[in-house]
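# Examination of the molecular architecture
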Amino acid sequence: MLRYSITLFCLILLTVILQQFVPAFIALYNARVFLLLAVFLCIAVTVPLPVMFLYALICGFLWDTQCAISTSNLDASVYVDSIQNIRFGSSILLFGLAGALMNGFQPIFRQGKWYLSALLTGISTFLYCLAEYSLLDFLRGSFTINRGVMLQISYTSLFSLLVAPLVFALLFFIARISHYQIVVTQKRSFRRFT
Amino acid sequence: MKPLNLIALLCFLGGATWALTRSDRSVRSIQNAYYSAISPFLKSGSAIEEKARNFSNEVTHSRSLEAALEVTKAELDKLKLIEQRFDTLEAENARLRSALKFTENTKFTLIAANITRRQTTNWYKTVEINRGEESFIGIQNPVVTAEGLVGKIDLIAQDFATVILLTDKSCQVSAKVEGSADLGIISGRPAEYGKDPMLILSYLPKNTNLKKGQRVFSDGRGGITPANILIGTIESVESGAMYSEALVHPAVNFNDLATVFVIPREN
């Protein structure tokens, strides 16, 4: 378990760096492969709840560190109204909620039905992005969700859905070399990938 | 709930609360430490990316040469390739000439930078440039092109910086309208589906008589953005209960940014 958890921690750090090189697809309404979230969600379904919370804390913290923009040291004569952005740390809660959702379906995953968890990764990504956008939009006082935003979120979710089987294959591999059982019928499930 | 899960949940909420209560200065320190830590990886990654791109280009080139030897239309294909390359160079030349002219015409010291990444976050309108503290630029420095104002530096690292674009609501600039004494604040507006991003000029006097087509410039208030940098042109004006607002079409095409110029603080 410990070896598996440490390997996953390294995988998260690697993903954080890889995420820097994943561009947004301008032609697809700025949708992107939200690699960090996809990897986290896949991990969330394979680990116990306390470990999931630990990873949610790490991923949310790192994601906010990458994305937070400044709201202070602004010129008061220009910035008449205070600027509201998503507060640093909010992603930790969102990662925690999305991870809890995935972790709740762990019994199904442990039966070897990884494809249902992959589907749930797409749904969780959709909910995460929608929650993040709604929060920002609400804070900025408009609360308007137009078609472009919905398409951006949908494409991002679709990318997560497509990436999830690859991440699960990697997790099965890591579990095997770490001698950690993530599914009851692990051998059979892993063979399906190979 | 199992005691271990409960303890984990409480620790998680404690950690989240700690992060949520960080001041902006603390967040900046965390971000600086983070980018310093991953900077070597980013540099290595960029180098690998460049090598891969060069290798890919070489392979493509070799393949086209091989094809040129094998088929009778080789010379034609080659000429087509040359023509394409010529077009690219011509476009690049025109862009650089335009940029050079802009540099000569302005009174500021400008630092040229290339856009390395677009839309670095999910929702904020940002781009990353290949200039950082090493180039003597700083936070809140305005970023411009030959067409007009692009945005401001938001986050800065040793050799790169993040620019928050004018189309984001977080980027606000004091503005004036040509042929009018009215002043207002320009900020971004959420882009509508299938339409160009627009700006909002707010806090205009209630009975303003601005017209469509009038140009909007920065007015220099606050001292961060120099005065008289073109921002855009007025599309429409709407009167409110206390203030009026104008919809402004930005002068810069934000989808076609390649080279930008940072105006450092000493200006």
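Residues numbered from 1 in each chain as written. Chains lettered and ligands numbered in written order. Predicted model: local features only at pLDDT ≥ 70, side-chain atom pairs only at ≥ 80, totals over all residues.

## Re the overall build of chain A
To be explicit about the condition: Strands are runs of DSSP state E lasting at least two residues, helices are runs of H or I lasting at least four, and both sets are numbered from the N terminus onward. In this scheme every C-beta is placed from the backbone, and a residue whose C-beta has 20 or more other C-beta atoms within 10 Å is buried, one with 12 or fewer is exposed, and one in between is partly exposed. Here contacts are defined at the residue level, using C-beta atoms placed from the backbone and a cut-off of 7 Å between them.
Of the regular secondary structure elements, chain A holds eight helices and zero strands. Of the regular secondary structure in chain A, the N- to C-terminal order runs α-α-α-α-α-α-α-α. Per-residue burial for chain A yields a buried fraction of 45% across its 194 residues. Counting contacts in chain A only where the partners sit at least 6 residues apart, residues at least 24 apart contribute 75% of the total.

## Some remarks on the overall build of chain B
Within chain B, the secondary structure is distributed over three helices and twelve strands. Scored against the burial criterion, the 267 residues of chain B give a buried share of 31%. Across chain B, contacts joining residues at least 24 apart in sequence account for 55% of those joining residues at least 6 apart.

## Observations concerning the packing of helix α2 (residues 35-44) of chain A against helix α7 (residues 147-177) of chain A
All names here are of chain A. Keep this limit in mind: Here an angle of 0 to 180 degrees is reported between the N-to-C directions of two axes, which are lines fitted to C-alpha atoms, with helices fitted over the stretch in contact. Throughout this description, any angle smaller than 35 degrees is read as roughly parallel, any larger than 145 degrees as roughly antiparallel, any in the 65 to 115 degree range as roughly perpendicular, and the remainder as oblique. Working rule for handedness: look at the near helix, and if it is turned counterclockwise from the far one by less than a right angle, call the crossing left-handed; if clockwise, right-handed. Each residue is assigned to one of three groups, with Ala, Val, Leu, Ile, Met, Phe, Trp, Tyr, Cys and Pro labelled nonpolar, Asp, Glu, Lys and Arg labelled charged, and all others, Gly among them, labelled polar.
Following both chains from N to C, one finds α2 and α7 inclined at 50°, their axes separated by 9 Å at the closest point. Comparing the axis directions of α2 and α7 gives the class oblique. Crossing hand, α2 versus α7: right-handed. Touching Leu-35, Leu-37, Ala-38, Val-39, Cys-42 and Ile-43 of α2 are Ser-160, Val-163, Ala-164, Val-167, Phe-168 and Leu-171, all from α7. Of the residues assigned to the contact of α2 with α7, the class counts are eleven nonpolar, one polar and no charged.

## A look at the nonpolar core
For the record, the criterion: Note on terminology: a nonpolar core is any set of buried Ala, Val, Leu, Ile, Met, Phe, Trp, Tyr and Cys residues joined through C-beta atoms within 7 Å. Delimitation of the domains relies on an automatic or database domain assignment.
One finds A:Ala38, A:Phe40, A:Cys42, B:Val150 and B:Ile231 to be the most contacted residues of the largest nonpolar core, which totals 105 residues. For this core, the leading source of residues is helix α3 (residues 49-67) of chain A, giving twelve residues. Summarising the domain contributions, this core has at least three residues from each of domain 2 (109-168 + 256-262) and domain 3 (173-252) of chain B. If we ignore the near neighbours within four places in the chain, the residues touching A:Ala38 are A:Thr121, A:Thr125, A:Ser160, A:Val163, A:Ala164 and A:Val167.

## Examining unusual backbone geometry
Residue and element names in this part refer to chain B. Even without being a glycine, Phe-136 presents a positive backbone phi close to 65°. Within the secondary structure, Phe-136 sits in the loop between β2 (126-129) and β3 (142-144). Notably, Asn-228 is not glycine yet its phi reads approximately 65°, a positive angle. Turning to its location among the elements, Asn-228 is positioned in the loop between β9 (215-218) and β10 (230-239). Asn-228 sits in the exposed class, given 12 other C-beta atoms within 10 Å.

## As for the interface of chain A and chain B
Counting residues at the interface gives 43 residues for chain A, matched by 45 residues for chain B. Residues of the side of chain A that touches chain B, tallied by class, amount to 24 nonpolar, 14 polar and five charged.

## Observations regarding α2(A)
Residue and element names in this part refer to chain A. Taking burial as the measure, the ten residues of α2 include ten buried ones, the bulk of the element. Three or more residues of α2 are buried, namely Leu-35, Leu-36, Leu-37, Ala-38, Val-39, Phe-40, Leu-41, Cys-42, Ile-43 and Ala-44. Of the surrounding secondary structure, the elements contacted by the buried residues of α2 are α1 (2-19), α3, α4 (90-104), α6 (114-139) and α7.

## Brief notes about the sheet that holds strand β11 (residues 244-250) of chain B
Residues and elements named next belong to chain B. Our working rule: One requirement defines pairing of two strands: DSSP has to find at least two bridges between them.
Around the barrel, which closes on itself, the six strands sit in the order β6-β7-β8-β11-β10-β9 with antiparallel pairing between neighbours. Put simply, the sheet's adjacent strands are angled 40° from each other on average, direction ignored. Bridging between β9 and β10 involves three bridges; their strand directions are antiparallel. Along β10, the bridge assignment pairs Arg-215 with Thr-233.

## A few points about the pairing of strand β12 (residues 259-262) of chain B
Bridging between strand β1 (residues 111-118) of chain B and β12(B) involves four bridges; their strand directions are antiparallel. Across the sheet, B:Ala113 pairs through a bridge with B:Val260, a residue of β12(B).

## Concerning α3(A)
The cut-off we apply is this: Working rule for helices: expected span equals 1.5 Å times residues minus one.
An ideal rise of 1.5 Å per residue puts 27 Å on 19 residues; α3(A) measures up with 26 Å between its terminal C-alpha atoms. A large share of α3(A) lies buried, amounting to 16 of its 19 residues.

## Remarks on the pairing of strand β6 (residues 173-177) of chain B
All names here are of chain B. For β6, a buried count of five out of five residues is recorded, marking the element as mostly surrounded by other parts of the structure. The pairing of β6 with strand β7 (residues 183-188) spans four bridges and is classified as antiparallel. Paired with Val-173 across the two strands is Ile-186, which belongs to β7. Count of turn residues in the β6/β7 antiparallel hairpin: five residues, of which Gly-179 carries a positive phi of about 75°. Pairing analysis gives three bridges linking β6 to β9, with the strands arranged antiparallel.

## Focus: the sheet that holds β1(B)
Residues and elements named next belong to chain B. One closed barrel accounts for six strands, arranged β1-β2-β5-β4-β3-β12; its pairing is antiparallel. Taking each pair of neighbouring strands and ignoring which way they run, the sheet shows an average axis angle of 45°. One ladder, built from four bridges, connects β2 with strand β5 (residues 161-165); its direction is antiparallel. By the bridge assignment for β5, Val-127 is matched with Val-163.

## So, the confidence of the model for chain B
All names here are of chain B. Selection criterion: The quantity known as pLDDT measures the predictor's confidence residue by residue, on a range of 0 to 100.
Averaged over all residues, the pLDDT of chain B is 82; the fraction at 70 or higher stands at 87%. Element-level pLDDT for chain B is lowest in helix α3 (residues 74-105), with a mean of 69, against a maximum mean of 92 in helix α1 (residues 3-20). Two numbers describe this predicted complex: its pTM, 0.78, and its ipTM, 0.82.

## Re the environment of B:His249
Residue and element names in this part refer to chain B. By the secondary structure assignment, His-249 is in strand β11. Classification of His-249 as partly exposed rests on a count of 17 C-beta atoms within 10 Å. Other than its neighbours up to four places away in sequence, His-249 contacts Met-198, Gly-232, Thr-233 and Glu-235.

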